[in-house]
Amino acid sequence: MEFNVAQLLKQPIGATREYELNEEIEGLDPGLIPVSPLTGLVKLLRTHSGVLVIGDLSISLEVSCNRCLEPVETPVSFHFEESFRPLTDVETGRFLMPQEFKGQQEELSDAALIIDDHHILDASEVVRQNIWLALPMYPGCMFEDPANCPYFAVRLQEIKEVHSDLVEETVDGEVIDPRWAALLALKQDDAEPKRKR
Ligand SMILES: [Zn+2]
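Calculation criteria
Residues numbered from 1 in each chain as written. Predicted model: local features only at pLDDT ≥ 70, side-chain atom pairs only at ≥ 80, totals over all residues. Pairing = 2+ DSSP bridges. Helix = DSSP H or I, 4+ residues; strand = E, 2+ residues; numbered from the N terminus. Contact = placed C-beta atoms within 7 Å. Axes fitted to C-alpha atoms, helices over the stretch in contact; angles between N-to-C directions. Buried ≥ 20, exposed ≤ 12 C-beta atoms within 10 Å, placed from the backbone.

## Details of the sheet that holds strand β6 (residues 114-115)
Piece 1. In space, the five strands of this open sheet follow the order β2-β3-β4-β5-β6, with mixed pairing throughout. At either margin of the open sheet sits one strand with a lone partner, and together these are β2 (16-23) and β6.
Piece 2. When β2 meets strand β3 (residues 38-46), the two strands line up antiparallel, connected through eight bridges. Pairing of Glu 18 across the sheet is with Lys 43, part of β3.
Piece 3. Where helix α3 (residues 124-134) meets the sheet, its contacts fall on β4 (51-64) and β5 (71-86), and the angle it forms with β5 comes to roughly 140°.

Below, the structure is given as structure tokens:
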């Protein structure tokens, strides 16, 4: 996701470049498991303070189903706009002083938004953050009803085996979320009559 913007920086404000992206992003983030390349359109726009990157990208990732914990493929699409600033003057190679920067103050301090001294704009950190933002908070598998999900049934069976003393509590039609299974023990304690001191 690196773009050489030397020529673009020499052009007047409003000049644009467009790139069709098709990139493997293994290694971008240890927490992300891509199952497709990152694809879409990236547009670079020369602004008064540097380069505005406008991206419309898509990728499929492997995540865990929120209910049965099985891996599921989740496609995500996202749009982002981020302003990058050059570290050096493209004509002279001179380092630009912070006070010469004409953009927003917060863009000045973000290392991910700097175009390096070789005029390379690296959008990978911005893309990484946007992938995380685009991921669903509660990813789910293809089974909408837990009763139809074979993996969920397996999880439920595992819970019953671990908490065999609580099986009676689980057969009354209640669906148990695997993540809360540990709380069953507390529920049991609570049900016992309180002893007086
Ligand atoms: Zn599931």
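Don't stop here, the text continues.
## What about the environment of Ile 54?
Piece 1. Mapped onto the elements, Ile 54 comes out in strand β4.
Piece 2. On the basis of neighbour counts, which here come to 15 C-beta atoms within 10 Å, the residue Ile 54 falls in the partly exposed class.
Piece 3. Taking the C-alpha atoms as reference points, Ile 54 and Glu 18, separated by 36 residues in sequence, lie 9.5 Å from one another.
Piece 4. For Ile 54, the residues in contact, after removing those within four places along its chain, are Lys 43, Leu 45 and Glu 81.

## Some words on unusual backbone geometry
Trans is the prevailing form of peptide bonds, just as negative phi is the prevailing case for residues other than glycine.
Piece 1. One non-glycine residue, Leu 69, lies in the positive phi region at around 70°.
Piece 2. Position of Leu 69 among the secondary structure elements: in the loop between β4 and β5.
Piece 3. C-beta crowding within 10 Å serves as the criterion here: with 15 such atoms nearby, Leu 69 is assigned to the partly exposed category.
Piece 4. Notably, His 119 is not glycine yet its phi reads approximately 65°, a positive angle.
Piece 5. Its location among the elements puts His 119 in the loop between β6 and β7 (120-122).

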